[in-house]
Amino acid sequence: MSAIPICSSAALVEGGDGVRFPVAMRDGQTVGFVVRFQGVPRGYLNRCAHVGIELDWQHGKFFDGSRLYLMCSTHGAIYAPDSGRCAGGPCRGQSLRVVAVEEHDDTIFWLPDQQVFAPQASTPPIS
Ligand code: FES
């Protein structure tokens, strides 16, 4: 499956706001996100391992105050940005679902796989 552009490389600042992008799964349309951490784009499904809702309290606000962890706004689960593994809070032993991303030609792309793929216009949102 071919890479899908998300944003320009310049839009993704180290430890700064993430960029959300639409994805689809078997049960409907949902959201992925990408952040830059240690110079590299890191992509995940925007779905907390605790309850399965979006992490960001405002769109794109994924990092905690230290800029070292991704934090869920609902109950405070924190995740390692480089692996998506739970680093504290109610997500213990779980991880964010990785969405493969790559960077080239001054652009960030995501890579669909068997479970997370490009939404079609007719894909309903997951409620
Ligand atoms: S829903 Fe994310 S910590 Fe509870």
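What comes next is a walk through the structure. (Residues numbered from 1 in each chain as written. Predicted model: local features only at pLDDT ≥ 70, side-chain atom pairs only at ≥ 80, totals over all residues. Heavy atoms only, no water.)

### A closer look at the state of the cysteines
At step 1: Counted according to the given criterion, the structure contains one disulfide.
At step 2: The residue that forms a disulfide with C86 is C91, at a sulfur-sulfur distance of 2.0 Å. Between C86 and C91, the S-S torsion sits near 75 degrees, and that sign places the bridge as right-handed. (Disulfide = S-S within 2.5 Å.)

### Re unusual backbone geometry
At step 1: Of note in the backbone geometry, Q38 takes a positive phi value of approximately 55 degrees without being a glycine.
At step 2: Judged by its relative accessible area of 53%, Q38 is exposed. (Buried < 20%, exposed > 50% of the residue type's maximum accessible area, 1.4 Å probe, protein only.)

### Let's talk about the sheet that holds strand β3 (residues 28–37)
Strand pairing within a sheet occurs via backbone hydrogen bonds; the two strands may be parallel or antiparallel.
At step 1: An order of β2-β3-β4 is seen for the three strands of this open sheet, with the pairing classed as antiparallel. The outermost strands of the open sheet, each flanked by one partner alone, are β2 (19–25) and β4 (40–45). In this sheet, neighbouring strand axes are inclined to one another by 30 degrees on average, regardless of whether the strands run parallel or antiparallel. (Pairing = 2+ DSSP bridges. Helix = DSSP H or I, 4+ residues; strand = E, 2+ residues; numbered from the N terminus. Axes fitted to C-alpha atoms, helices over the stretch in contact; angles between N-to-C directions.)

### Thoughts on the sheet that holds strand β7 (residues 86–88)
At step 1: The sheet built from three strands is open, its strands ordered β5-β6-β7 with antiparallel pairing. Each edge of the open sheet is held by one strand with a lone partner, namely β5 (70–71) and β7.
At step 2: Of the strand pairs in this sheet, β5 and strand β6 (residues 78–79) are connected by two bridges, and their pairing is antiparallel. The partner of L70 across the bridge, within β6, is Y79.

Scope: geometric values only; no functional claims are made or implied.
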